[in-house]
Amino acid sequence: MASKFKRNGRALSIPAGLGIGLLISLVLTFAGAAALSHLIGTEKVGEGAMGYGIMIILAIASAMGAWGATSFIKKMYLQISLMAGGCYYLALLAITALFFGGQYQGMGVTAIIVVISCLVVAFIPRKNGNPFKMRKKAYR
């Protein structure tokens, strides 16, 4: 007998959730780049720390975008998280082609950072309550 599964709460469609995740990632990327350039401009951080700052910004932005996409779609966490990371990576490639004349440098490291941060988000437990709490088994 076939049954219909109902999802709890309100979930968005996959394209809408991926779009919101991409928007979150891009906003955090631009905000992080602005904050990092401000810190370098006021000489609170040296120019040598720019590479590390960019890596941190990429990791946080891709993780938050994947988290936003999976929390809005509410199913297939691993696939949605990786698709959100792929959309973010493609957006970074497009931004590089548009603004920097296609000078692709360090794209392998960027891809590794995006994939690892999206995988971390995909494997975080999503259930309410404490995920490490041991449940007592009922005796029969």
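Our subject is the structure that appears above.
Just so we're clear, the structure is a prediction, and the values are computed from it rather than from any experiment.

Describing helix α3 (residues 77-99)
Three- or four-residue spacings in an α-helix give side chains the same orientation, since the helix completes a turn every 3.6 residues.
Okay, step 1: The terminal C-alpha atoms of α3 lie 33 Å apart, and with 23 residues this matches the ideal 33 Å at 1.5 Å per residue to within 8%.
Okay, step 2: Taken as a whole, α3 has its buried residues at I80, S81, A84, G85, Y88, Y89, A91, L92, I95 and T96.
Okay, step 3: A positive phi of about 70 degrees marks G101, the residue just after α3.

Remarks on the environment of G17
Okay, step 1: By the element assignment, G17 lies in helix α1 (residues 14-41).
Okay, step 2: Taking the C-alpha atoms as reference points, G17 and A69, separated by 52 residues in sequence, lie 4.8 Å from one another.
Okay, step 3: Setting aside anything within four residues of it in sequence, one finds G17 in contact with L12, A69 and I73.

Cut-off values and rules
- Numbers given for residues are sequential positions, taken from 1 along each chain in its written order.
- Residues qualify for local features only when their pLDDT is at least 70, as the model is predicted, and side-chain atom pairs are given and counted only at 80 or more; totals for whole chains, interfaces and linings, by contrast, use all residues.
- Derived side-chain values reflect all non-hydrogen atoms in the structure, with water molecules and hydrogen atoms excluded from consideration.
- Helix and strand labels come from DSSP, where a helix needs a run of H or I of at least four residues and a strand needs a run of E of at least two; each type is numbered from the N terminus.
- Multiply 1.5 Å by the residue count of a helix minus one, and that product is the helix's expected span.
- Summary of the burial criterion: residues with accessible area below 20% of their type's maximum are buried, those above 50% are exposed, and those between are partly exposed, where the area comes from a 1.4 Å probe applied to protein chains only.
- Residues count as neighbours in contact if any of their non-hydrogen atoms are within 4.5 Å of one another.

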